[in-house]
Each structure stands twice: as C-alpha cells, then as structure tokens.
Amino acid sequence: MTARGDPLLNPLRVAWLNPRAALVAVLLAVLGLIPLYAALTGDTFAITLFTRVLIMALAAVSLDLIMGYGGMVSFGHAAYLGIGGYAVGILWKEGFASGFVQWPVAIGVAALFALVVGALSLRTRGVYFIMITLAFAQMAYYVAIGLERYGGDDGLTIRTRSQFGGLIDLNNRTLFYYLCFVILLMSIYLVSRIVNSRFGLVIQGSRSNERRMRAIGFPTFRYKLVCFVIAGALCGLAGALLANHTNFISPSMMYWTRSGDLMVMVVLGGMGTPFGPLIGTVTFLLLEEVLSRVTEYPGLVLGPALLLVAIYLHGGIAGLLEGRRNG
Amino acid sequence: MADALLQIGGLTKRFGGVVAADAITLDIPGGEFHAVIGPNGAGKTTLVGLLAGEIAPQGGTIRFDGRDIARLAVFRRCRLGLARSFQITSLFREFSALDNVALAVQAHAGHSFRFWSDARREAALREPAQAALARVGLAARAGVRVDRLSHGEHRELEIAMALATGPRLLLLDEPMAGMGPEESARMVDMLRALKGGITILLIEHDMETVFALADRITVLVYGRVIASGDPAAIRADAAVREAYLGENEGSAQ
Amino acid sequence: MLYFIEQCLNGIQLGMLLFLLAAGLTLIFGIMDLVNLAHGSLYMLGAYFAATFAALTGSFVLGAIMALAASLATGMVLEIIAIRPLYGRSHLDHVLGTFGLLLFFNELVRLIWGPAGMTLSLPSEMLSAVEIIPGVFYPVYRLVIILVTLAVAALLYLLVMRTRLGMLIRAGASNREMVGALGVNIKLLYTLVFGLGAALAGFAGLMQAPILTVQIGMGENILILAFVVIIIGGIGSIRGAFVAAIIVGLIDTLGRAFLPDMLRSVLSNNVAITLAPALSSMLIYMLMAGVLVFRPEGLFPAASK
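Residues numbered from 1 in each chain as written. Chains lettered and ligands numbered in written order. Predicted model: local features only at pLDDT ≥ 70, side-chain atom pairs only at ≥ 80, totals over all residues.

(A) Region of the structure containing the environment of C:Tyr3. Residues and elements named next belong to chain C. Relative to the assigned elements, Tyr-3 resides in helix H1 (residues 2-32). By C-beta crowding, Tyr-3 is classed as exposed, having 10 other C-beta atoms within 10 Å. A sequence separation of twelve residues divides Tyr-3 from Gly-15, and the C-alpha atoms of the two residues are 18 Å apart. (Helix = DSSP H or I, 4+ residues; strand = E, 2+ residues; numbered from the N terminus. Buried ≥ 20, exposed ≤ 12 C-beta atoms within 10 Å, placed from the backbone.)

(B) Examining the interface of chain B and chain A more closely. Each partner contributes residues to the interface: chain B has 31 residues there, and chain A has 24 residues. Those elements that provide at least two residues to the side of chain B that touches chain A are helix H2 (74-80) and helix H3 (97-106) of chain B. (Contact = placed C-beta atoms within 7 Å.)

(C) A look at the packing of helix H2 (residues 44-69) of chain A against helix H8 (residues 220-246) of chain A. Residue and element names in this part refer to chain A. Following both chains from N to C, one finds H2 and H8 inclined at 170 degrees, their axes separated by 8 Å at the closest point. It follows from the interaxial angle that H2 and H8 lie roughly antiparallel. Listed contacts from H8 to Thr-51, Arg-52, Ile-55, Leu-58, Ala-59, Ser-62, Leu-63, Leu-65 and Ile-66 of H2 are Cys-227, Phe-228, Ile-230, Ala-231, Leu-234, Cys-235, Leu-237, Ala-238, Leu-241, Leu-242 and His-245. Per-class residue counts for the contact of H2 with H8 are 16 nonpolar, three polar and one charged. (Axes fitted to C-alpha atoms, helices over the stretch in contact; angles between N-to-C directions. Parallel < 35°, antiparallel > 145°, perpendicular 65-115°, else oblique. Nonpolar A, V, L, I, M, F, W, Y, C, P; charged D, E, K, R; others polar.)

(D) Geometry of the packing of H3(B) against helix H4 (residues 123-136) of chain B. All names here are of chain B. Axis separation between H3 and H4 bottoms out at 8 Å; the angle between their running directions is 115 degrees. As for how H3 packs across H4, the hand of that crossing is right-handed. Contact with H3, carried on its side by Ala-97, Leu-98, Val-101, Ala-102, Val-105 and Gln-106, involves Leu-125, Arg-126, Pro-128, Ala-129, Gln-130, Ala-132 and Leu-133 of H4 and no other residues of that element. In the contact of H3 with H4, the residues fall into ten nonpolar, two polar and one charged. (Left-handed = near helix turned anticlockwise from the far one by under 90°.)

(E) Quick peek at the interface of chain A and chain C. Contact with chain A, which involves 39 residues of that partner, is made by 36 residues of chain C. Those elements that provide at least two residues to the side of chain A that touches chain C are helix H5 (126-146), helix H9 (256-269) and helix H11 (299-312) of chain A. Ranked by residues supplied to the side of chain A that touches chain C, first place goes to H5(A) with 14 residues.

(F) Looking closely at helix H10 (residues 238-266) of chain C. For H10(C), spanning 29 residues, the distance from its first C-alpha to its last is 39 Å, which sits close to the expected 42 Å at 1.5 Å a residue. Where H10(C) bends most, the angle comes to about 45 degrees, and this point is C:Phe258, followed within four residues by the proline C:Pro260. (Expected span 1.5 Å × (residues − 1). Bend = angle between axes of the 7 residues up to and from the residue.)

(G) Broad picture of the pairing of strand S4 (residues 59-64) of chain B. All names here are of chain B. Sheet topology places strand S1 (residues 4-15) next to S4; five bridges connect them, and they run antiparallel. Across the sheet, Gln-7 pairs through a bridge with Arg-63, a residue of S4. Pairing of S4 with strand S5 (residues 67-68) involves two bridges; the strand directions are antiparallel. Bridge pairing links Arg-63 to Asp-68 in S5. As consecutive antiparallel partners, S4 and S5 are separated by two residues, and within that stretch Asp-65 has a phi angle of approximately 55 degrees, a positive value. (Pairing = 2+ DSSP bridges.)

Bear in mind that shape data such as this cannot, by itself, settle questions of function.
In structure tokens form, the structure reads like this:
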C-alpha cells in the first residue's frame, strides 16, 4: 500500500509484511551493522562512505518534508548544508570548538536563512519558486566564496571536530557513525510525527490543493513558511555533521548541482514517505560509488539513468516496489 | 435593509473591455435562501469570485455582518463565516472524504501549530466531520479516497466541507453541476433541509431548482441585476422572460 | 570615465550572450512549459564544436558556421530522443531529467575532448582594438559579439513577429492548448523551437569561446544567470529576455567593477575587501528577488493565463 497521503495508512501503523517494509528493515539492519563489518574486515572506507550516506539521508529527509509532503520544490536546499557546515567551521576558526555552541548556531543560522528565503520565495509558485530558491542558494555560494578568511574558493580544513566535553568523542569513527545513525532515525521519526499532526495535514493539504485550503480558512503562507524553516534547520544540522565528517568546508557544498543531487535522492526513494529519502540516498550514493569504480565516466550511466527515472518512475524506486499503483 | 447579513453595494469588476459585474446591489438577510440565476456569461462566476475574495473589485462594497470585507483575503472571509463550495470540484483528491471534511473542521478549531499528536485521532476534528458527512448523505463513504468517489459524491462533499466550517453564510456555486436527475433531486432535498437554519446564497443555472428552493431570486444578465424579488414576481417579470426566452422552456410556467 | 564606458560595453556584451541563452530558454519554457537544465550543455557543446571545427578547417568563421549547424542538429535530435517524453510532466520531473542530461553531457565532453578544455583562437583581424570614441579603445571582437547578437536579436524579432512560425510561437507562448487544438503539427513545432533554442545557446557558446572559455561545466554558471534573466524579463517573452539580459549584464559587470571602490569609500578597507566580491555576485540575485516580490510575472510577461 502506498504510504503517500493515504489516510488509512499511517506510517506509524505500517503493515510489516509488505515488500517495502521488508526492504527498509533489511536496510536498517545492514546500516546498523556497518561498523561491525568494518571492525571485522578492517575496511574503514565502508564507515566513511556510509557515514556520508547517513548524513546526506538526513538532508534528504529534510528536503522531503517540504518537497514530498509540502509540494515545495526547493532547488536550493544544499545551501543549508553549507550554512550548517560553515557555522561549525567559522566558529572553530574563531576559537569556539564546542559542539554545544557550534551545533545550535548551525541550526539557528540555517533556520534564519530559511526564514528569509522562504518569506520571499513562498510568495511565488511553480517554476518561479524553483528558480528563486536556486538563486538564493547561489547567493549563499558566492558569499562563501567571498569569505577569504575562511578559505574562500579553496575551502577550510577544520582540524578539530566539535567538542562535547567528554560526552562523546567525534573522532571515534564508530561513535560518530552511530551518532549520525541515531540522529537520522530520530529525524525520520520526528518528521513522520510532524506530517501526521495538525500542522502536517495543513502542509499536505496545501500541496494537494492550496486554493481549497484557503477557501476553508487556512492562512497557508505562514504554515508553509514554518515548514520551510524546520526543513532548513534540520538540514543545517546535517551540514554541521558533514563538516565534522569531512573535516572540511567549502563553497562547493552549496553549489546548485548539490541541490540537484539532493532532489534526486528524495525522488529516487519515493517522495512523501518516511524511509523514501533514506532509500533514495543509499541508492544514489552507492550507485555513484559503484559507477566511479567501474568506469571512468560514471556520468554516462548516471545521467541517462536519471532521465529514465524521471520519465518512467513517477514514484521513485518505492513506486517500483509497489507496482506503481497510483501512477 | 438594515440587518442584512450580506450587503452588496454597487459591486463592479471589469476584465479588459468586458464588464463582468456591473454595479451589483443586493441585500441578503440572515436565514434567507437566496438564489442568483442568469444565462451563461451573466457574471455569476465573477460574482462568486468577488464574494469569496479571489477577485478584487474595482468598485462597490461588500459588507458581511456589518463589516466591510471587500479587501479581506479569502481565508479571512471564511473565518468570519462565509463559506463557499466550488462549481468545478476542488477537493483533496488523495485523501479520504473524512480527511477532507476534517480539514475544514480543523481550520476553525483553533490554530494548527501542533506538531506531534496524530490529527486523525482527534475526536474534536473527526466527530464534527463525520456529522457533516452525514448531513449530506456521505456517512457511509467517509473512509473512501476522494478520487474513488463518484462525481455526485464529489458535489456532496463540496457542500459538506463548506458546512463543516461552521458558516453563517453558504455560498454555493452551481452545486448540482454535472449531476444526473436522481442525484440532483437528492441534493435539492438536502438543500431544503438546510434552509432556514443557515443563510444560503445559491448560484444556479437551473430554473426548476431555484423556484423550488429560493425565498428570493436575483436575475443577472451581462453582469447587471435585471430583477430581484420573490419567485412569483420573478416569474412574472417581463425582462426576465425576455432574457430567458428560448433558454429554458416550460420551467418558468 | 573611459573605464566606465568600457565597462558598460562589457556589460552590454555579457548581456548579449545572456540574451542568446535566455531567449532559447524562455521560448522553450514559454511554449513547451519545459524547464531545461541541459540548456547550458548546449552552450558548452557550441563552444567545443566551434573549437574543433575551427581547428579542422583552419578558419574561425567556417568553424563557427559548422558549429552552429551542429548545435541545431544536436538540439533537434536531443528533443526527439530525450525531451519529448518529458512534456506535460511536473516541473520536478523536468528538473530531474534535464539534470541527468547535464551530467551526461559533461561526462560525454570529457570522454570525447578530454578534461583539459580547449582554446579557440581568433583570426588576426579581430585581435586588435578599435577606437570607438576618442580615447576609448575597445577590442574588435567584443564589438563583433555585440553587433552580431543585435543582428540575431533583430532576426529573431522578425521571425517571431513576421513569420508563420513566429505566429505559432507567440500563440503557443500565451495559450498552449489552443495551438494544439488548431491542428498545428505540434511535434514538429516543438522540435523546431527546441532546435532554435539549442542553436542560440550554441551560438552564445561559440561566440564567447575565444575570449572566455571552452571547458567542462562552463554552462552551469551562466545557465543560472540565464534563468535569472528570464525571471526578471518574464517567462515566455523574448523582448523581456532582451531587456533583462542587458540589465543583468550591466549590473553584474558594473557591480564587479565599481562596487569594491564604492565600498572602500564608506567602509574600512578590510571589510570592503571581504564584502565586495560576495556583494557583487549577489547583486543580480537581489535584483531578481526584488522583481519577484513586486512584479512576479516579470517585466514583460508573455503568457496571458
């Protein structure tokens, strides 16, 4: 049964025997065991790769909130990754290595940027909205390039990961992996609660038929804006995690093709579903990884694959699994 | 009329060279069942748009319960108690009938900045929604997805949603559009049941329905009011006959 | 003052390039309702084609002509194979599909031409500078760009305003369904329009090749500017694209040229140095944001619905 918008199927009451649920269960189990695998085989690259997967999945979850459930196709979401990352990097450079300072700031600044961008962009719709969010992300990109003190175009290496004073040592790869995993799961849960709450129904209704929503008395703009801010904040957190993961920030984190990547991850896994973003991210990043090992020109396969997905897979991969009941 | 719930005064709207609403003046007292009829192109759709707030007038006033609403946003008018149904069905297609109506209830049940509890389990939203569905005869179809309902059921759902907002005035835009005779008859019965309790402004095409239900009728032609009064007066009105000559034989007899 | 004039000309020249790109984009969006992220790829291909053919034939002009033809052909083939299935879909599907094409083309170019990029040299006559007003020397080639693009703009105007094809284009831009209902061969019209857009993009690419760059990914940066132009100008409107392109070209160029000094006069040197590049890049986006807030349809909206 498709989870998207189907009132009889609340993600909190998923039927556990359908193929999609099986896939998710297996995926979660595998993800949970990656560090064990890495410890046994000594393959630390696996942890590195999958940590990145977890972090990008978090970003994809945040994008799915506005795009999949809210119908707000934001082409500038990578900006929040960058903002979160730069918050960590800039604070570190200025002597604030504490995660207790960096991470709230990352989330806060990302939320603020989302507030401004949202307030301006949400007045538009359709392709205008797509383009204006794209443009704002490019603005952020150029601002980052202009920040000479923090590396400008070359980026900035962050020598110390966020400090949490003995609570957790982020330099421990395994610990950091599980931290990201837990944060991801908590976020998925949070988003699933949000989308079924009163607030979430307003968001979903606005996606479905905004004119109707206004006609029954909802001031849709303010709800969409709040949703946009929540998504930005969550992605800012992902950015903070990313900066820690790579020990590096650069304007390219925000380049518009990265926003494109995020959109692909969300659509690939099936928009508007709790685990769709995770499925999509895993698929996309693994595909990228595999392709780059198999061929020197991964884009030759990835590109047309994306095109085919756009043409044939309306519901993303999840749609495949469910036999595309809803077209 | 001093106590009219809805007072429209000299309402005007032009689209380029076309005058879609030409100084429309109309008063609707509380509890009245008022119908606005007119041939195609008469400006009925424009009037609905003006009253609902989707179109901005170029001149004239609209007072609802004494308050000037001509510049109020759509959602605010609904909050004041002016609910509308759409001529071309406008629902939340991927959701169930109950979900649709529950949203309408939710819009008037406090703010919706609640992020945690499952709104589909809120009795305060589901029960009134179920009641509204029952009122229009859709109780048994509450759990069905809207895109699986029939056209007639869509029209009924339109009204249920408008009702669920707890309105003081129901603006119904051709509620029976596209309905067969049997379904239309059911809808007429339903509307008759609503009569008297709530003020209704019915925009309609079909003379029979209008004469069966309305307390008063206003006739619109090319954006102007050419006649307004009780059914008998309208029936006898020469200008009305002329406007409808050839349009609708038999029903004006 | 002379520097100002020179920068204005540079701004107009940039505007001309942007116009070529934006005109194609706005046509494609206005008529086929298609968001085309691969438009920058066609721009890139134009440059690569020109560099290749010019090297082969030894003549810049011949190379340019061949590149133009190749761009047109590529555009039309691409439309038939990859773009057609996307018509009528959501804009998100367009974004995804054409994004895939963008990735594909970047890789294809790298496969065929290698990662290093190419150069395209000008014939010697165009290498000099000309004194257009006493005291102001401006490179001949940049003037050529401006003049040739103006000619193209004029031709485009004639095409759109005075030919049957143009009439269909205008009709399609303001009411898509109607054109189809009129029994026009929509498929052919769409292929032609897409091809025209591709040719314009390729033309822009080949024109700027000698003075700017021929490298992978060159289409992406300018594509965004082109989107900004069509939003400011109004989607579907070529006239809007023209005016907006000049505005954007001027603001971007003049901003980058003069803003640092202007900032330095009001702020401390350090702050000015940090802010200036970022602020100059932001100018156009701020303009776009402003237009979207006050006049969302753009300056010269074409669509009536």
